[in-house]
Amino acid sequence: MKNMIRLFSAVSIISIGMILVLFNLGVIAFDVYEIWVYLYPIFFVLVGIKWIIQDFRKKGKSWEVGSFFLLFGLLLLLDRLAILSFHFFDVWKLWPLFIVYIGVYFLKWDKSYSDTHWNNIEQEDNSATFSKFSIGTYEYTKPNWRAEPTKLHALFGDFYLDFSKAFIPEHEIPYSIRSLAGDVTILIPEHVPFRVQAVVRAGEIEIVGKRVDGVHRKLSFQSDNYEHAIRKIDFIIKLEAGSIRIEQV
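As the structure is a computational prediction, the values presented were derived from the model and not from experiment.

### A few points about helix 3 (residues 63-80)
Helix length check: helix 3 (18 residues) gives 25 Å between terminal C-alpha atoms against 26 Å at 1.5 Å per residue, within 8%. Those residues of helix 3 lying buried are W63, E64, G66, S67, F68, F72, G73, L75, L76, L77, D79 and R80. Count one or two residues on from helix 3 and you reach A82, which has phi positive near 60°.

If you want it as structure tokens, here you go:
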């Protein structure tokens, strides 16, 4: 709350200064009401810029929300300057931005596997399972199903993997699961070491008793004997919205 008050105060002072500059240059004429009319669009612009910068610096903000605020504030300012017509309740006209954000997510998915561990796996084993932009449920529950390097990408979907029923070869097996929305449930035998990096934009993560929930949540786990184990599984899981649960059985 203190940060928001400080931010609003700073933006207000900056905005008033900018409005006074425009007034002195003869760009605008104003009364007390017009100060507010110009003030709150500038607030949206500055907050949007701040969130975009913080997202690029990995400080937990969302560039999507930041870009939305930035565009919304700019359109309001252009309306105030009589360049175009755009009012506060015209915000619904910006709904196509959500389609743009989904498209950007697709591009980010394609570029996100720069990790050298995955690059080595792809060079050594071209048989990795790869399902992209699909909708549905993934279930791995059949007796003696074979665990192998796998990438699962879904637009929307639920994932249920029961490794207690799987044949797990004696080497490190990477698994990557990504979805815009869905639930991930993984059951893994207690004698099989594993490592996981889990990220959810909005939702919850629970890994062998450790739990986090909310917005922009991350949770990592690694078995004590993972580094020296011959048979082990490496998970990378990212959801935009949903839940991730990993239990030992």
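Now that the structure has been shown, we can carry on.
### Thoughts on the pattern of salt bridges
This structure, assessed with the given rule, holds eight salt bridges. R211 is paired through a salt bridge with D213; the nearest N and O atoms lie 2.7 Å apart. Using a relative accessible area of 47% as the deciding quantity, one classes R211 as partly exposed. On the basis of relative accessible area, D213 is assigned to the partly exposed category, the value being 40%.

### A closer look at the pairing of strand 6 (residues 194-207)
Two strands pair when backbone bridges link them, and strand 6 and strand 8 (residues 232-248) are joined in this way by 13 bridges, in the parallel orientation. Within the sheet, the bridge partner assigned to E204 lies in strand 8 and is S243. Sheet topology note: the strand 6/strand 7 (residues 210-222) ladder contains twelve bridges and is antiparallel. In the strand pairing of strand 7, Q197 is matched with S220.

### Remarks on the packing of aromatic side chains
Summed over the entire model, instances satisfying the criterion amount to 14 aromatic pairs. Aromatic pair F68 and F72: ring centres 6.4 Å apart, planes at 20°, arrangement stacked. Note that F68 and F72 are positioned in helix 3 at a spacing of four residues, about one turn of the helix. Through a chain of ring-to-ring contacts, the aromatic side chains of F44, F68, F69, F72, F86, F88 and F89 assemble into a single cluster. The aromatic ring of Y226 is capped on one face by K232, whose charged end is 4.8 Å from the ring centroid.

### Section: the UniProt feature "transmembrane region" (unreviewed entry) in the chain
The UniProt entry lists residues 7-29, 35-53, 65-86 and 92-109 under the feature "transmembrane region" (unreviewed entry), expressed in the numbering used here. In the segment residues 65-86, helix accounts for 73% and strand for 0%; the C-alpha atoms at its two ends are 19 Å apart.

### Observations concerning the environment of T141
Topologically, T141 is positioned in the loop between strand 1 (129-140) and strand 2 (145-146). Assessed through its relative accessible area of 25%, T141 is described here as partly exposed. Distance in space between the C-alpha atoms of T141 and A166 is 7.8 Å, their sequence separation being 25 residues.

### So, the nonpolar core
Grouped together as the largest cluster of nonpolar side chains are 32 residues, with contacts concentrated most on F163 and F235. Counting residues per element, the ones that place at least two in this core are strand 3 (150-162), strand 5 (172-188), strand 6, strand 7 and strand 8. Once residues within four sequence positions are removed from consideration, F235 is found in contact with F163, Y175, I186, I188, F194, R195, V196 and Q197. The next biggest cluster of nonpolar side chains, apart from the first, holds eleven residues, and it includes W63, L75, L94 and L97.

Thresholds, definitions, all that
- Sequence order as written defines residue numbering, which begins from 1 separately in each chain.
- For a predicted model such as this one, the threshold for reporting local features is a pLDDT of at least 70, and the threshold for listing and counting side-chain atom pairs is 80 or more; totals across whole chains, interfaces and linings nevertheless cover every residue.
- The side-chain quantities take in all heavy atoms of the structure and omit both hydrogens and water.
- In this description a helix means any DSSP run of H or I spanning at least four residues, a strand means any run of E spanning at least two, and both kinds are numbered starting from the N terminus.
- Between the first and last residue of a helix there are one fewer steps than residues, each counted as 1.5 Å, and that sum is the expected span.
- Note on classification: 1.4 Å probe, protein chains only; a residue is buried when its accessible area is under 20% of the maximum for its type, exposed when over 50%, partly exposed between these limits.
- Should a side-chain nitrogen of Lys or Arg be within 4 Å of a carboxyl oxygen of Asp or Glu, the pair is scored as a salt bridge.
- A pair of strands is labelled paired if DSSP reports no fewer than 2 bridges between them.
- Note on ring pairs: Phe, Tyr and Trp rings are taken, using the six-membered ring of Trp, and paired if centres are within 6.5 Å. Classes follow the plane angle, with under 30 degrees stacked, over 60 edge-to-face and the rest tilted.
- Look at NZ for Lys and CZ for Arg. If either is within 6 Å of the ring centre and within 35 degrees of the ring normal, a charge sits over the ring.
- UniProt positions are given in the numbering used here, feature names are shortened, and annotations may be inferred rather than shown by experiment.
- In these notes, a set of buried Ala, Val, Leu, Ile, Met, Phe, Trp, Tyr and Cys residues joined through side-chain atoms within 4.5 Å is what counts as a nonpolar core.
- Here a residue-residue contact requires only that any non-hydrogen atoms of the pair lie within 4.5 Å.

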